[in-house]
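Read off the chains here:
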Amino acid sequence: MSDGSQIEFSEAALAEYRELLTHYPTRRAALLPTLWIAQREFGWLTPEVQEYVARLMELPVAHVSAVVSFYTMFHRKPVGKWHLEVCTNLSCRLRGADRIVDAIRKRLGVEVGETTADGKFTLGTAECLASCGTAPMLQLNHDLFHENLTEESVLKLIDELVGRDD
Ligand code: FES
């Protein structure tokens, strides 16, 4: 098994990491934002990337891996350009989250956790994203909320994303 020694942050990411450390009392406390940098840098957190982060931060690999596997925001396999995460907690479920997931599954031909063959879309689910008042909702690329979804509006969103080249 590789020890992640072929993988390294770019100079810019290393500088960001070093700056980040100045805001935390310990290296360990800076693990989550460091993993964010790694995910942005490498796209997803392979075992080799996790080993690299562990070495960089002088932490046990097992600790880094446990954190990566605990948080759904960290990817342990490649994700598509557009990552749709539908909240399936109680409020969203009561207001039709399952129908939203089904509409996306059928439209894209993937199951939850899968990526389309062209690498454009990944379908995931998420725990409550604190937007229960506008349920059902989804988060796009960990960033943008799309709320008060209907089957029609989510299919329209997918059509818009298919047409975007950015
Ligand atoms: S239950 Fe979906 S945002 Fe809270």
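The structure presented is a predicted model; accordingly, all values stated were derived computationally and were not measured.

What counts, and where the lines are drawn
Numbers given for residues are sequential positions, taken from 1 along each chain in its written order. Where local features are concerned, this predicted model is filtered to residues with pLDDT of at least 70; where side-chain atom pairs are given and counted, the filter is 80 or more; whole-chain, interface and lining totals use all residues. Numbering of helices and strands runs from the N terminus; a helix is a DSSP stretch of H or I covering at least four residues, while a strand is a stretch of E covering at least two. Exposure is read from a count of other C-beta atoms within 10 Å of each residue's own; the residue is exposed at 12 or fewer, buried at 20 or more and partly exposed in between. C-beta atoms are placed from the backbone. Each residue is represented by a C-beta atom placed from its backbone, and any two residues with such atoms within 7 Å are regarded as in contact. Helix axes use the C-alpha atoms of the stretch in contact, all axes being lines fitted to C-alpha atoms, and the angles between their N-to-C directions lie in the range 0 to 180 degrees. Geometric relationships in this document are graded by angle, where less than 35 degrees denotes roughly parallel, more than 145 denotes roughly antiparallel, 65 to 115 denotes roughly perpendicular, and other angles denote oblique. If you view the pair so one helix is near and one far, a crossing is left-handed when the near helix is turned anticlockwise from the far one by less than a right angle, and right-handed when it is turned clockwise. If DSSP finds at least two bridges between two strands, the strands pair. Note on terminology: a nonpolar core is a set of buried residues of type Ala, Val, Leu, Ile, Met, Phe, Trp, Tyr or Cys, with members joined through C-beta atoms within 7 Å. The directions from the helix axis to the C-beta atoms form the arc being described.

## Some details on the overall build of the chain
Then, in step 1: Within the chain one finds seven helices and four strands.
Then, in step 2: Along the chain, from the amino end to the carboxyl end, the secondary structure elements read α-α-α-α-β-α-α-β-β-β-α.
Then, in step 3: Here the chain holds 166 residues, and the buried ones make up 22% of them.
Then, in step 4: Put simply, of all contacts in the chain between residues at least 6 apart along the chain, 59% involve residues at least 24 apart.

## With respect to the packing of helix α3 (residues 47–57) against helix α4 (residues 61–70)
Then, in step 1: One way to put it is that α3 packs onto α4 with a least axis distance of 8 Å and a crossing angle of 125°. Taken together, the axes of α3 and α4 lie oblique to each other. With respect to the hand of their crossing, α3 and α4 are arranged in right-handed fashion. Facing Gln-50, Glu-51, Val-53 and Ala-54 of α3, the residues of α4 in contact are Val-61, Val-64, Ser-65 and Val-68.

## Some remarks on the packing of helix α2 (residues 31–42) against α3
Then, in step 1: Close contact between α2 and α3 brings their axes to 11 Å; oriented N to C, the two are set at 135°. As the angle between them shows, α2 and α3 are arranged oblique. Crossing angle aside, the handedness with which α2 passes α3 is right-handed. Between α2 and α3, the contacting residues are Leu-31, Thr-34, Leu-35, Ala-38 and Phe-42 on the first element and Val-49, Val-53 and Met-57 on the second.

## Notes on the sheet that holds strand β4 (residues 144–146)
Then, in step 1: With mixed pairing, the four strands of this open sheet are ordered in space as β2-β1-β3-β4. Each end of this open sheet is capped by a strand with a single partner; those strands are β2 (121–126) and β4. Strand-to-strand twist in this sheet, taken as the mean axis angle between neighbours without regard to direction, amounts to 25°.
Then, in step 2: Bridging between strand β1 (residues 82–87) and β2 involves six bridges; their strand directions are parallel. Across the sheet, the residue bridging to Cys-87 is Ala-126, located in β2.

## Description of the pairing of β1
Consecutive residues of a regular strand have side chains that alternate between opposite faces of the sheet.
Then, in step 1: The element β1 is extensively covered by neighbouring structure, given that five of its six residues are classed as buried.
Then, in step 2: Bridge analysis of β1 against strand β3 (residues 138–140) gives three bridges, and the strand direction is antiparallel. Counted as the bridge partner of Val-86 is Leu-138 from β3.

## A look at the nonpolar core
Then, in step 1: Core analysis: the biggest nonpolar cluster contains 18 residues, and Leu-84, Val-86, Ile-100, Ile-104 and Leu-138 have the highest contact counts within it.
Then, in step 2: The greatest single-element share of this core, amounting to six residues, is contributed by helix α6 (residues 97–108).
Then, in step 3: Leu-35, Leu-45, Tyr-52 and Val-53 belong to the second largest nonpolar core, which has eight residues in total.

## Regarding α3
Then, in step 1: Taken together, the buried positions of α3 are Val-49, Gln-50, Tyr-52 and Val-53. Projected down its long axis, α3 carries its buried residues within an arc of 160°, all on one side.
Then, in step 2: Where α3 is buried, its residues touch α2 and α4.
Then, in step 3: In the segment just after α3, Glu-58 is the residue with positive phi, at about 55°.

## Section: the environment of Phe-74
Then, in step 1: Of note, Phe-74 is situated in the loop between α4 and β1.
Then, in step 2: Among all residues touching Phe-74, those that are not within four sequence positions of it are Leu-35, Gln-39, Leu-45 and Val-68.

## Details of the environment of Ala-38
Then, in step 1: With respect to the helices and strands, Ala-38 occurs in helix α2.
Then, in step 2: Excluding its chain neighbours within four sequence positions, the residues that come into contact with Ala-38 are Leu-45, Val-49 and Val-53.

Read these as layout, nothing more, since geometry by itself doesn't imply function.
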